[in-house]
Amino acid sequence: AQSVTQLDSQVPVFEEAPVELRCNYSSSVSVYLFWYVQYPNQGLQLLLKYLSGSTLVKGINGFEAEFNKSQTSFHLRKPSVHISDTAEYFCAVSRKLTGGGNKLTFGTGTQLKVEL
Amino acid sequence: ETGVTQSPTHLIKTRGQQVTLRCSSQSGHNTVSWYQQALGQGPQFIFQYYREEENGRGNFPPRFSGLQFPNYSSELNVNALELDDSALYLCASSAGTEAFFGQGTRLTVV
């Protein structure tokens, strides 16, 4: 079975400071990994994804993540955060369904709070 | 290209009632998935539909059921509502590895 662990429930950070949101996954097979952002009272927006190839993945809004197979991690980073980055961030792993599609298994989320 | 749209955005129901939530998938996407997101939690997979057939199901009881129509839009039906069914219900459409989410329907059961 696959699972996703987000190690920090809340991360406070000052504006223009760097940030790292941690994500670890467990899986015995190859995985597809995703980071989504959720603003208050909204759905999920894809930040970036890892399917294969380069382990450093760049996404929208200046975010990037590094896939580390040996440590089973997929941490999200941004070198300089903005007040508008305040939101909930979810790490997810994709798993094949018996019918042929894919489902997402999400972590419990990390609330990023950017302060002035 | 239109995105994923869900209706209604908010809904209040009484325990024991039935509810239907609706989702229009993104143009060209033939797969729709539904997720339940309880307050303070990550989304949990309910089920997925592909070309009008259920393609997979999560750990939800049979009173959670769904439909997909020929235009790939979808409905989520929940019977005999319980207080714990209060959550944000998210619909996602996909045509490959990437899922695109709607804004969700906030269901409150009182």
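Structure first, text after, so check above.
Residues numbered from 1 in each chain as written. Chains lettered and ligands numbered in written order. Predicted model: local features only at pLDDT ≥ 70, side-chain atom pairs only at ≥ 80, totals over all residues. Heavy atoms only, no water.

Asker: When you look at the overall build of chain B in this model, what are you seeing that I'm missing?
Answerer: Along the backbone of chain B there are zero helices and eleven strands. When the helices and strands of chain B are read in sequence order from the N terminus, they spell out β-β-β-β-β-β-β-β-β-β-β. In terms of overall size, chain B behaves like a compact globule, its C-alpha atoms giving a radius of gyration of 13 Å where 110 residues would be expected to give roughly 13 Å. Along the first, second and third principal axes, the C-alpha atoms of chain B reach 40 × 25 × 25 Å. The buried share among the 110 residues of chain B stands at 52%. (Helix = DSSP H or I, 4+ residues; strand = E, 2+ residues; numbered from the N terminus. Rg over C-alpha atoms; globule rule 2.2 N^0.38 Å. Buried < 20%, exposed > 50% of the residue type's maximum accessible area, 1.4 Å probe, protein only.)

Asker: Help me out: how do you make sense of the state of the cysteines in this one?
Answerer: Covalently bonding the sulfur atom of one cysteine to the sulfur atom of another cysteine gives a disulfide. Under the defined criterion, the tally for this structure stands at two disulfides over all chains. Here C23(A) pairs with C91(A) through a disulfide, and the sulfurs are 2.0 Å apart. Taking the torsion about the sulfur-sulfur bond, which here is approximately -65 degrees, the covalent link between C23(A) and C91(A) counts as left-handed. Remark: C91(A) occurs in strand β10 (residues 87–96) and C23(A) occurs in the loop between β3 (19–21) and β4 (24–26); sequence separation between them is 68 residues. The exposure class of C23(A) is buried, given its relative accessible area of 0%. Note on C91(A): relative accessible area 0%, which makes it buried. Here C23(B) engages in a disulfide with C91(B); their sulfurs sit 1.8 Å apart. (Disulfide = S-S within 2.5 Å.)

Asker: Where do I start with the packing of aromatic side chains in this structure?
Answerer: Centre distance and the angle of the planes are the two values used to describe a pair of aromatic rings. By the definition in use, this model includes 13 aromatic pairs over all chains. Each ring, one from Y50(A) and one from F67(A), has its centre 4.2 Å from the other, and the planes form 20 degrees; the classification is stacked. Taken together, the positions of Y50(A) in strand β6 (residues 44–50) and F67(A) in strand β8 (residues 64–68) put the pair 17 residues apart, joining distant regions of the chain. Under the relative-accessibility criterion, Y50(A) is labelled buried at 8%. A connected cluster of aromatic rings, assembled from ring pairs, spans F34(A), Y36(A), F90(A), F106(A), Y35(B), F45(B) and F101(B). (Phe/Tyr/Trp six-rings, centres within 6.5 Å; stacked < 30°, edge-to-face > 60°.)

Asker: Looking at this structure, how should I read the interface of chain A and chain B?
Answerer: For interface size, the figure often reported is the accessible area lost on association. Each side of the interface is counted separately: chain A has 21 residues, and chain B has 19 residues. When chain A packs against chain B, the two sides together hide about 1,600 Å² of surface, and 53% of this comes from carbon and sulfur. Across the chain A-chain B interface, the total number found is one salt bridge. Only β5 (32–38), β6 and β11 (102–106) of chain A provide two or more residues apiece to the side of chain A that touches chain B. (Contact = heavy atoms within 4.5 Å. Buried area = accessible area lost by both parts, 1.4 Å probe. Salt bridge = Lys/Arg side-chain N within 4 Å of Asp/Glu carboxyl O.)

It is worth stressing that arrangement in space is one thing and function is another; only the former is reported here.
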